[in-house]
Amino acid sequence: MAGTKELLMLENFIDGKFLPCNSYIDSYDPSTGEVYCRVPDSGKEEIDAAVQAARRAFPGWSSRSPQERSQVLNKLADLLEQSLEELAQAESRDQGKTLTLARTMDIPRSVQNFRFFASSVLHYTSECTQMDHLGCMHYTVRTPVGIAGLISPWNLPLYLLTWKIAPAIAAGNTVIAKPSELTSVTAWMLCKLLDKAGVPPGVVNIVFGTGPRVGEALVSHPEVPLISFTGSQPTAERITQLSAPHCKKLSLELGGKNPAIIFEDANLDECIPATVRSSFANQGEICLCTSRIFVQKSIYSEFLKRFVEATRKWKVSVPSDPSASMGALISKAHLEKVRNYVKKALTEGARIQCGEGVDELHLPARNQAGYFMLPTVITDIKDESCCMREEIFGPVTCVTPFHNEEEVIQRANNVKYGLAATVWSRDVGRVHRVAKKLQSGLVWTNCWLIRELNLPFGGMKSSGIGREGAKDSYDFFTEIKTITVKH
Ligand code: NAD
């Protein structure tokens, strides 16, 4: 462990000020396994202070016009963009993802989140109707909810945090955000830009620490009427329990066990590289990653051969290597968890086609203790296996054959999750038919991860409650009121 002096020390950001904390948690560089940063281990006291600040800031911020708030968001987007390289370097070091991905996806998308909601908030109108026979006019108004509690995970740290902060403040709320304790650095860097962008003190408060301590203090606080959460299903259960006595507004964006369905008429030249990416992008640590690949029997052998070849070329390397496709997993515990799934599959009689235990991983000496793992393809596995039912959230995907459309829809739907699916076929009618029958909040056909931020994002079944997106986020972060005027 490095000397304390060399460690990056984060502070909470409450009421426009950076404040130290009584205790701290170690944060690790996933590519070396070394502690490099210390994160405040906040609790109830810090949440109480943040609530007071957010309460004081609410009247002023919520009474600004959407145009005024929009200007602030645009300015913040510009400042983030100016720091893109610095933020990308920090995100890659903190999370283990490749620097290329942080540069081309995480940080640009964080910038876009502010720009997008700066614009979209200007385009809502209320509804208005008349009932002539009763001499009444009815209209709706939307008002911000109040103090929004925002809790985000470690896989896309700044990207997912700003996807919540931007719509919440655009709609006039003040916020208390709690990033993952495993990846807090870019959220802390964001705090340094808030004042310069014109965000008044108390509008955005960021409180760092663990879920059971500071997360629960936030969720249980009676003055926080809304919780927007992205993370795992077991945590969502706990948050739901804690929120229930207060009837809080809840948005839950949870995990997935996402199928890719590949029909015999698929364009394999496009499908194979896209499915390698959908399985292993960001080390497979994206809620939308493919982890069950159903391939029609007639092309199964050809697909598997080409898919395994392409997976072997998906290079695992240190995050700063420009030729790396994949970096390190988030933590030692997570690496162990993912590896255990592969071990379990082996004991069930499955075959490992490439990756863990089959191929060799070459790393520089200083990265030997990092949390690296090769992309792994499993076959000969039953649908009942935990690898086919549970979210692994790592670089492991299962490939299995199917015979016909009806069968594959039933098998794809036969898990508790319902977040994302991909369908590969040149038959337009089939694509529409299958997409409609899949129990999934998102279906990509002949592509993956192409996002239109205006449209609803979210899952069904155990993948969540509610949707995020232009109108959906605005609806969530506001309360609607119907007013009737008799004339
Ligand atoms: P997690 O549930 O462990 O943690 C998420 C956040 O909740 C963290 O900030 C954590 O500190 C906090 N938390 C933990 N326990 C808490 C508690 N008792 N009360 C309040 N807060 C608590 O999830 P994770 O491991 O950080 O992230 C991985 C999960 O997130 C996966 O399941 C993945 O699919 C999901 N995810 C979903 C989406 C989506 O949009 N649907 C996006 C990204 C990740």
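Provided above is the structure to which this section pertains.
Residues numbered from 1 in each chain as written. Predicted model: local features only at pLDDT ≥ 70, side-chain atom pairs only at ≥ 80, totals over all residues. Heavy atoms only, no water.

Caption draft 1: Spatial organisation of the pattern of salt bridges. Considering all chains together, one arrives at 28 salt bridges under this definition. Close ionic contact of Arg238 with Glu216 constitutes a salt bridge, the shortest N to O distance being 2.9 Å. One end of the pair, Arg238, is in helix α8 (residues 233–243); the other, Glu216, is in helix α7 (residues 211–220), and 22 residues separate them in sequence. (Salt bridge = Lys/Arg side-chain N within 4 Å of Asp/Glu carboxyl O. Helix = DSSP H or I, 4+ residues; strand = E, 2+ residues; numbered from the N terminus.)

Caption draft 2: Representation of empty space enclosed by the protein in the model. One pass over the full model with this rule turns up seven cavities of 30 Å³ or more. Taken together, 17 residues make up the lining of the largest cavity; nearest its centre are Tyr159, Leu160, Cys287, Leu288 and Phe457. For the lining of the largest cavity, the secondary-structure elements that each account for two or more residues are α4 (99–120) and α5 (157–170). With three residues, α5 is the largest single contributor of residues to the lining of the largest cavity. Of the residues contributing to the lining of the largest cavity, the split by class is eleven nonpolar, two polar and four charged. Its boundaries defined by the atoms lining it, the second largest cavity holds a volume of some 90 Å³. Of the residues contributing to the lining of the second largest cavity, the split by class is six nonpolar, seven polar and two charged. (1 Å grid on protein atoms, 1.4 Å probe; cavity = no way out; pocket = protein on both sides within 12 Å on 5 of 7 lines; lining within 4 Å. Points joined across faces, edges and corners; volume = space filled by probe spheres on them. Nonpolar A, V, L, I, M, F, W, Y, C, P; charged D, E, K, R; others polar.)

Caption draft 3: Highlighting helix α1 (residues 44–62). Its 19 residues give α1 an end-to-end C-alpha distance of 26 Å, which sits within 8% of 27 Å, the value for a rise of 1.5 Å per residue. Considering bend angle alone, the principal kink of α1 is centred on Arg56 and spans about 30 degrees; proline Pro59 follows within four residues of it. (Expected span 1.5 Å × (residues − 1). Bend = angle between axes of the 7 residues up to and from the residue.)

Caption draft 4: Highlighting the sheet that holds strand β1 (residues 8–9). Spatially, three strands are ordered β1-β5-β4 in an open sheet, and the strand pairing comes out mixed. Edge positions in the sheet fall to β1 and β4 (24–29), since each of these pairs with one other strand and no more. Sheet topology note: the β1/strand β5 (residues 34–40) ladder contains two bridges and is parallel. The residue bridging Met9 from the neighbouring strand is Arg38, located in β5. (Pairing = 2+ DSSP bridges.)

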